[in-house]
Amino acid sequence: MALHSAVKGKLISVIGDEDTCVGFLLGGVGEINKNRHPNFLVVDKNTAVSEIEDCFKRFIKRDDIDIILINQNIAEIIRHVIDNHNSPIPAVLEIPSKDHPYDASKDSILRRAKGMFNPDELL
């Protein structure tokens, strides 16, 4: 059974490297919907950028996903797609990976959120 958010049974999805996805899957996040589409994507060096973009767009359109977790180094690859997502749900959270530490200056969602409270901080 997947880790659900709130009462409606919404899911958390993950786009990340193998270690990140395995960790969250072991934590109970993994789910396959009625159309046999998983709520995670394991990205490796052979994964095409278009596949990552398509997966992200699918997750945004799914009504059963409330949170999208994505490794920050992968988010950098599809930054233009992430920046076009303006809806608060699903929320997009950039997380570190084992090999790439988190860098707040690269997180466009965090910069946008800071700008809501202090417009002078928008770059």
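- As annotated in an unreviewed UniProt entry, the protein carries the name V-type proton ATPase subunit F and comes from Rhamnusium bicolor.
- Its UniProt record, at the heading Sequence similarities (unreviewed entry), says of the protein: "Belongs to the V-ATPase F subunit family."

## Quick word on the overall build of the protein
Then comes step 1: A count of helices and strands for the protein gives 5 helices and 4 strands.
Then comes step 2: From first element to last, N terminus to C terminus, the protein shows the α and β order β-α-β-α-β-α-α-β-α.
Then comes step 3: At a minimum sequence separation of 6, the contacts of the protein that also span at least 24 residues come to 64%.
Then comes step 4: Here the protein has roughly 7600 Å² of accessible surface; of this, 57% comes from carbon and sulfur atoms.

## A word on the pairing of strand β3 (residues 65-71)
Then comes step 1: Burial analysis of β3 places 6 of its 7 residues in the buried class, which makes it a mostly covered element.
Then comes step 2: Direction of pairing for strand β1 (residues 11-16) relative to β3: parallel, over a ladder of 5 bridges. Its bridge partner being in β3, Ile-12 is matched across the sheet by Ile-67.

## Focus on the nonpolar core
Then comes step 1: If you look at the biggest cluster of nonpolar residues, it comprises 17 residues, and the most contacted ones within it are Ile-15, Ile-52, Phe-56, Ile-70, Ile-78 and Ile-82.
Then comes step 2: Looking at this core, the elements that each hand over two or more residues are β1, α2 (49-61), β3, α3 (72-77) and α4 (79-83).
Then comes step 3: If one sorts the elements of this core by residue count, α2 sits on top with 4 residues.
Then comes step 4: When near neighbours in sequence (up to four residues on either side) are disregarded, Ile-15 contacts Leu-41, Val-43, Ile-52, Cys-55, Phe-56, Phe-59, Ile-68, Leu-69, Ile-70, Asn-71 and Ile-74.
Then comes step 5: Core analysis: the next-biggest nonpolar cluster, separate from the first, contains 6 residues, Ile-12, Val-29, Leu-69 and Ile-95 among them.

## What to know about the sheet that holds strand β2 (residues 40-42)
Then comes step 1: The strand order β2-β1-β3-β4 describes an open sheet built from 4 strands, whose pairing is parallel. Looking along the sheet, the strands with just one partner apiece sit at the ends: β2 and β4 (91-95). Averaged over all adjacent pairs, the angle separating strand axes in this sheet is 20°, with direction ignored.
Then comes step 2: Taken strand by strand, α2 contacts β1, β2, β3 and β4, and its axis lies near 170° from that of β1.

## Structural notes on the side chain of Arg-79
Then comes step 1: Within the secondary structure, Arg-79 is located in helix α4.
Then comes step 2: In terms of polar contacts, Arg-79 uses its side chain to reach the side chain of Glu-94, at 2.5 Å.

## Thoughts on α2
Then comes step 1: Between its first and last C-alpha, α2 extends 19 Å over 13 residues, near the 18 Å set by a 1.5 Å rise per residue.
Then comes step 2: Of the positions making up α2, those classed as buried are Ile-52, Glu-53, Cys-55, Phe-56 and Phe-59. One side of α2 carries all its buried residues, which in axial view fall inside an arc of 165°.

## With respect to the environment of Ile-15
Then comes step 1: Residue placement: Ile-15 occurs in strand β1.
Then comes step 2: Classification of Ile-15 as buried rests on a relative accessible area of 0%.
Then comes step 3: C-alpha separation for the pair Ile-15 and Glu-94, spaced 79 residues apart in sequence, amounts to 9.7 Å.

## Describing unusual backbone geometry
Then comes step 1: That bond from Ile-89 to Pro-90 is cis: its omega, 5°, falls within 30 degrees of zero.
Then comes step 2: Along the chain, the position of Pro-90 falls in the loop between α4 and β4.

Thresholds, definitions, all that
- Residues numbered from 1 in each chain as written.
- Predicted model: local features only at pLDDT ≥ 70, side-chain atom pairs only at ≥ 80, totals over all residues.
- Heavy atoms only, no water.
- UniProt positions renumbered as here; feature names shortened; annotations may be inferred.
- Helix = DSSP H or I, 4+ residues; strand = E, 2+ residues; numbered from the N terminus.
- Contact = heavy atoms within 4.5 Å.
- Areas by Shrake-Rupley, 256 points an atom, 1.4 Å probe, with all protein chains shown as cover.
- Buried < 20%, exposed > 50% of the residue type's maximum accessible area, 1.4 Å probe, protein only.
- Pairing = 2+ DSSP bridges.
- Core = buried A, V, L, I, M, F, W, Y, C linked by side-chain atoms within 4.5 Å.
- Axes fitted to C-alpha atoms, helices over the stretch in contact; angles between N-to-C directions.
- Polar contact = N/O pair within 3.5 Å; in protein donor to acceptor, adjacent residues only side chain to side chain.
- Expected span 1.5 Å × (residues − 1).
- Arc of directions from axis to C-beta.

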